[in-house]
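Commentary on secondary and tertiary structure
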Amino acid sequence: MRNEPLLNARGVGKSYATGGGRVVALPPTDFAVERGEFVMVSGPSGSGKSTLLAIISGLLTPDAGQIEVLGRDITAMGKAEADALRLESFGFIFQGFHLLPALTAMEQVSIVLRRQGLKSRLADTRSALALEAVGLGHRLKNRPDSLSGGERQRVAIARALAKRPQLIFADEPTSALDSTNGRQVAEMLRATALEDGVGVICVSHDPRLEVYADRVVRMEDGRITDPGVRKEAYSG
């Protein structure tokens with residue numbers, strides 16, 4: 001028996017005004033992810049992957065449709081309520097890292113945990129553990145300008161995982177990583193889904209991730225061309 005989806009989007013779409021009318025970035029689309037499921041969304045540039053991710057994570061408001069997350073309709077929420085839900089229950093891994101220049105690696109992670117209400121000592125302990133898990137235990141005090149692109153990406157991943165979210169939204173999480181670190185990150189996301197029951201939605205061009213995913217959703221020209229079939233994923 002299948003679980004109720006952690007996230008269930010129905011009929012969500014987005015268009016933008018242009019000089020010649022409107023451009024449809026995402027036609028009405030359905031998308032769902034279950035607890036413990038690692039879903040990869042794949043497709044060429046301009047296929048609508050990032051637009052879909054932004055909409056289902058609440059960062060972009062759809063023109064129409066409904067998105068239920070953890071049994072709550074986020075499309076009916078006010079900004080403060082939606083922000084609180086994202087802080088408490090969502091983890092984000094952005095392609096551009098979104099790190100603060102003045103903060104050390106550990107501070108990048110712990111500042112989010114403090115916003116969640118954790119005491120400083122517990123926030124620091126959890127931050128250090130998360131950074132050690134991504135291979136940066138020796139870089140806790142380094143700021144972004146002294147980290148490589150791959151190391152900055154791993155700080156962003158540690159920041160998302162340390163929150164212990166129920167949903168993780170990842171945009172090209174392995175884009176700045178070599179094959180070894182890319183495999184480590186994929187295994188970590190897979191383990192997070194499998195062991196902690198987290199729903200992971202990962203937008204990526206990286207074919208190396210497909211073997212780790214429970215389901216691969218394919219998009220082209222703004223549409224889901226293949227919703228994927230849940231399969232027996234990589235087990236190590």
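Up top is the structure.
Residues numbered from 1 in each chain as written. Predicted model: local features only at pLDDT ≥ 70, side-chain atom pairs only at ≥ 80, totals over all residues. Heavy atoms only, no water.

A few points about the sheet that holds strand 5 (residues 72–73)
An order of 2-1-4-5 is seen for the four strands of this open sheet, with the pairing classed as antiparallel. Single-partner strands in this sheet number two, and they are strand 2 (21–34) and strand 5. In terms of strand pairing, strand 4 (residues 64–69) meets strand 5 through two bridges, oriented antiparallel. Across the sheet, the residue bridging to Glu-68 is Asp-73, located in strand 5. In the packing of helix 1 (residues 49–56) onto the sheet, the strands contacted are strand 1 (5–18), strand 2 and strand 4, and the crossing angle to strand 2 comes to about 65°. (Pairing = 2+ DSSP bridges. Helix = DSSP H or I, 4+ residues; strand = E, 2+ residues; numbered from the N terminus. Contact = heavy atoms within 4.5 Å. Axes fitted to C-alpha atoms, helices over the stretch in contact; angles between N-to-C directions.)

Quick notes on the pairing of strand 10 (residues 223–226)
Relative to strand 10, strand 9 (residues 215–220) is paired through three bridges, and the arrangement is antiparallel. What sits directly across from Glu-220, in strand 10, is Arg-223. Remark: two residues form the turn of the hairpin made by strand 9 and strand 10, two consecutive strands paired antiparallel; Asp-221 in that turn has positive phi of roughly 55°.

Regarding the packing of aromatic side chains
Going through the model one piece at a time under the given rule, you end up with four aromatic pairs. Considering the side-chain rings of Phe-92 and Phe-94, the 5.6 Å spacing of their centres and the 0° angle between planes classify their relative orientation as stacked. A relative accessible area of 24% places Phe-94 in the partly exposed class. Among the aromatic side chains, those forming a connected cluster through ring pairs are Phe-90, Phe-92, Phe-94 and Phe-169. (Phe/Tyr/Trp six-rings, centres within 6.5 Å; stacked < 30°, edge-to-face > 60°. Buried < 20%, exposed > 50% of the residue type's maximum accessible area, 1.4 Å probe, protein only.)

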